[in-house]
Amino acid sequence: LRCTIPERVITPHHTPPGAAVPVAEQTLESFDGGTRFAVRVQRPERYREVEAPGPESLRIVRGGGYSYAAASFGPHSLVQDNSRFDRILDFDPVMGTMECEGGVTLERIFEVATPAGWYLAVQPGYPGITVGGCIASDVHGKNPFRDGTFRRQVVSIKLFHPSHGVMVLDPGSACDPFDLTCGGLGLTGHILSARLRLTRFGGGRILRRRIAIGSARDTIAVLEEHAGTAEFVYTWQNVTVAGVGFGRGFLYAGSMLEPDPGQRPRFSLRTSRPVPGNRGRWRWALLNDRTARVFNATYAMAQALEPSCRDLSLFESLFPVARRVRYFSLFGKAGFCEYQILMPRQAFVDFIKDLERDIGRLGTGVTLASCKLFRGRPSLLRFDGDGICIAIDFRRGDAGERLARRLDELTPAYGGIPNIVKDSRLPRAVVRACYPQFDAFASALQAFDPKRIYRSEVSERLGL
Ligand SMILES: Cc1cc2nc3c(=O)[nH]c(=O)nc-3n(C[C@H](O)[C@H](O)[C@H](O)COP(=O)(O)OP(=O)(O)OC[C@H]3O[C@@H](n4cnc5c(N)ncnc54)[C@H](O)[C@@H]3O)c2cc1C
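Residues numbered from 1 in each chain as written. Predicted model: local features only at pLDDT ≥ 70, side-chain atom pairs only at ≥ 80, totals over all residues. Heavy atoms only, no water.

Concerning the overall build of the protein
Heads up, the condition is: Working definition: helices are DSSP H or I runs of at least four residues, strands are E runs of at least two. Numbering for both runs from the N terminus. Only C-alpha atoms enter the radius of gyration; for comparison, a globular chain is expected to reach 2.2 Å times N to the power 0.38, where N is the number of residues. Each residue gets one of three labels from its accessible area relative to the maximum for its type: buried under 20%, exposed over 50%, partly exposed in between, using a 1.4 Å probe on protein chains only. Two residues qualify as a contact provided that any one of their heavy atoms is within 4.5 Å of a heavy atom in the partner residue. Note on areas: Shrake-Rupley, 1.4 Å probe, and residue coverage restricted to the protein chains presented here.
Secondary structure summary: the protein contains 14 helices and 19 strands in total. On C-alpha atoms alone, the protein measures out to a radius of gyration of 22 Å, which is about the 23 Å that the 2.2 N^0.38 rule sets for 464 residues. For the protein, with 464 residues in total, the buried portion stands at 60%. Long-range pairs, those at least 24 residues apart, make up 74% of the contacts in the protein with a sequence separation of at least 6. When the accessible area of the protein is evaluated, it comes to approximately 18,600 Å², of which 54% is carbon and sulfur surface.

Set out below in structure tokens:
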């Protein structure tokens, strides 16, 4: 283990500006395929190399690169690839706390913590995502109603910013640097490491039940029935067929089983591992407006043929897409759009009626619709609050653009908020109209960093 950062100290700059850290030209693409730029990329390996670009140089940190939007690169910034900061600095298996560098992946945390009886209750659905990326996007997991967002597990953060040196940040007051960094899109500085609070895992398997949903209008009731008790709660719904069956699908509710003393726990880690740049390697889109309906019907049939109760490993339950990542490649080079909205409960049914009408009218093939129940407090640019989260995937193209633009109108009209890191085309006006604290975030960021050193395509598009 190597930890050279002094505790609770503000350091001056150690490295003279321009110190040699190799820089490569690389073309990076957002995971949804919507944005790509040739950028300069650096892969620092030591803390002093993080400082090397000099105090004024524009930059942005890149974690796993799994944001659907270009949050970790931009046309004017040096990209600091954080993958070499991948060490677990401390793990207390009695208290269930872990300190790790920002580039540690969720998979690595799983490997170390789970055999010792701990796991992260809030984590996004792909194992290659990093701790830095989870903090910067304040991500949610499989049951945000019960567990909240990633921020709730963060005990402290070590953050570097050229104007402030290294700071140790604890949860404190509104708009302080900790508050700005959680969900701050990487704009407050470089997360060197974080101390995380883990949740007990008894070592058993997960019993995942599949419960039928008759139509989109039943979504709230079925989510409410299970979100208070189950560990993992989310839906898959088919919104390609209008009428009574619109939004028909399944709710998946996973609960932990007591470990079976006769059975050795398994910590399955088998996954296919796409790097974000590989997603669009297929030229043709097998998933498109014409095939979406068949795709949904086939998936529904395949699910219905499976037993309604399945016994899964914790890994499979946390990362259900880990073995289904080919789904994203099926959109081909053109890519896809995921519009994810957190909608107030009282607006959901009316929103669904509009969605049903608009999908039919615009001819967009929705390849996936999935809902989760949320409970939280909305603030700054965090995707958090009380309500129902719905994610809708469709192929990028004319029909997709029409639906995305319509959702840009519906989301503010119904009081929803769009997830900024899930959509590489989201216009500033929509984000500003939906997030009541957009201006508060912008001015707090400006006060913290008047030179606005950390920038990405997302921050430039949003005018931050
Ligand atoms: C298959 C898949 C499933 C997903 N499931 C979910 C889900 O269930 N819930 C959810 O909320 N999201 C989900 N996401 C989105 C994903 O969790 C977020 O976009 C996350 O931020 C990606 O983290 P990353 O490590 O890939 O970072 P990047 O995509 O590289 O960066 C994301 C942001 O974090 C910043 N950042 C990264 N590291 C640091 C650091 N060390 N210091 C400062 N800033 C940093 C970047 O600057 C950028 O702003 C999913 C994405 C995929 C591809």
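Once you've had a look at it, read on.
Considering the pattern of salt bridges
Heads up, the rule is: Criterion for a salt bridge: a side-chain nitrogen of Lys or Arg within 4 Å of a carboxyl oxygen of Asp or Glu.
A complete count under the given rule lists 32 salt bridges for this structure. The salt bridge involving Asp408 is made with Arg425; its shortest N-O contact spans 2.3 Å. Of the two residues, Asp408 is situated in helix α11 (residues 398–413) and Arg425 in the loop between β19 (417–418) and α12 (428–434); the sequence distance between them amounts to 17 residues. In this structure Asp408 comes out as buried when scored by relative accessible area, which is 10%. What emerges from the salt-bridge pattern is a single network uniting Asp354, Arg357, Asp358, Arg361, Arg406 and Glu409.

With respect to the sheet that holds strand β2 (residues 36–42)
Note the cut-off: Following DSSP output, two strands are said to pair if at least two bridges run between them. Convention adopted: a line fitted to C-alpha atoms gives each axis, helices being fitted over their contacting stretch, and angles between N-to-C directions are expressed from 0 to 180 degrees.
Reading across the sheet, the 4 strands line up as β1-β2-β4-β3 and stay open at both edges, with mixed pairing between neighbours. In the strand order of this sheet, the two ends are held by β1 (23–29) and β3 (59–62), each with one partner. In this sheet, neighbouring strand axes are inclined to one another by 40° on average, regardless of whether the strands run parallel or antiparallel. Pairing geometry for β1 and β2, over 7 bridges, is antiparallel.

Focus on the site of the ligand
This is how it is decided: Note on definitions. A residue lies near a molecule or strand when any single heavy atom of the residue is within 4 Å of it. We call two N or O atoms a polar contact when they sit within 3.5 Å, provided that within protein one can donate a hydrogen and the other can accept it, with sequence-adjacent residues counted only if both atoms are side-chain atoms. Under this grouping Gly is polar, as are all residues other than the nonpolar Ala, Val, Leu, Ile, Met, Phe, Trp, Tyr, Cys and Pro and the charged Asp, Glu, Lys and Arg.
Taken together, 34 residues lie around the ligand, and Val61, Tyr66, Thr130, Ser137 and Ile191 are the ones closest in. Gly65 is positioned with one of its backbone polar atoms (N or O) 2.8 Å from an oxygen atom of the ligand. In this structure, Ser72 approaches the ligand through a side-chain N or O atom, which is 3.2 Å from an oxygen atom. For the ligand, the protein covers 97% of the area, taking 970 Å² as the surface of the free molecule. At the level of elements, β3, α3 (131–136) and β10 (190–197) are the ones that each hand at least two residues to the shell around the ligand. Among the residues forming the shell around the ligand, the class breakdown is 16 nonpolar, 15 polar and 3 charged.

Thoughts on helix α7 (residues 292–305)
Heads up, the condition is: A helix's residues, less one, multiplied by 1.5 Å, set its expected span.
Taking 1.5 Å of rise per residue, 14 residues should cover 20 Å, and α7 covers 20 Å from first to last C-alpha, within 8% of that figure. In this structure, the buried side of α7 is in contact with β12 (206–213), β13 (232–238), β14 (248–256) and β17 (366–374).

Digging into the side chain of His140
Here His140 shows up in the loop between α3 and α4 (144–147). Those residues in contact with His140 that lie beyond four places of it in its chain are Val122, Gln123, Pro124, Thr149, Gln340, Lys372, Phe374, Phe383 and Asn419.

Some details on the confidence of the model for the protein
Definition in use: Scored between 0 and 100, pLDDT is the confidence that the predictor attaches to each residue.
On average, residues of the protein score 92 in pLDDT, and 93% of them are at 70 or above. In this model residues 1–16 is a low-confidence stretch, pLDDT under 50, and it forms 37 contacts with partners more than four residues away in sequence or in other chains.

A look at the layout of surface pockets
Our working rule: Grid points spaced at 1 Å and placed over the protein atoms alone form the basis of the search, with a cavity being a set where a 1.4 Å probe fits but cannot get out and a pocket an open set showing protein on both sides within 12 Å along at least five of seven lines. Lining residues have an atom within 4 Å of a point. Grid points are joined across faces, edges and corners, and a volume is the space filled by probe spheres set on the points.
Taken as a whole, the second largest pocket encloses approximately 390 Å³ of empty space. If you trace the second largest pocket, you find 19 residues lining it, with Gly63, Gly64, Asp81, Ser83 and Pro276 closest to the centre. For the lining of the second largest pocket, the element with the most residues is β1, which contributes 4 residues. Across the lining of the second largest pocket, the residue classes tally to 5 nonpolar, 11 polar and 3 charged.

A word on the packing of aromatic side chains
Note the threshold: Aromatic pairs are defined between Phe, Tyr and Trp rings, using the six-membered ring for Trp, whenever the two ring centres lie within 6.5 Å; interplanar angles under 30 degrees are classed as stacked, those over 60 as edge-to-face, and all others as tilted. Look at NZ for Lys and CZ for Arg. If either is within 6 Å of the ring centre and within 35 degrees of the ring normal, a charge sits over the ring.
This structure, assessed with the given rule, holds 23 aromatic pairs. Both rings, one in Tyr327 and one in Phe328, keep their centres 5.1 Å apart while their planes meet at 70°; by these two values the pair is edge-to-face. For Tyr327, a relative accessible area of 13% translates into the label buried. Cluster of aromatic residues (ring-pair linked, three or more members): Phe31, Tyr66, Tyr68, Tyr126, Phe295, Tyr327, Phe328, Phe331 and Phe336. The side chain of Arg210 reaches across the aromatic face of Phe250, ending 5.2 Å from its centre.

Things to note about the environment of Gly148
Along the chain, Gly148 turns up in the loop between α4 and β8 (154–161). Residue classification places Gly148 among the buried residues on the basis of a relative accessible area of 6%. It is 8.0 Å that separates the C-alpha atoms of Gly148 and Asp384, two residues lying 236 residues apart in sequence. Sequence-distant contacts of Gly148, that is, excluding residues within four places in its chain, are made with Val122 and Asn143.

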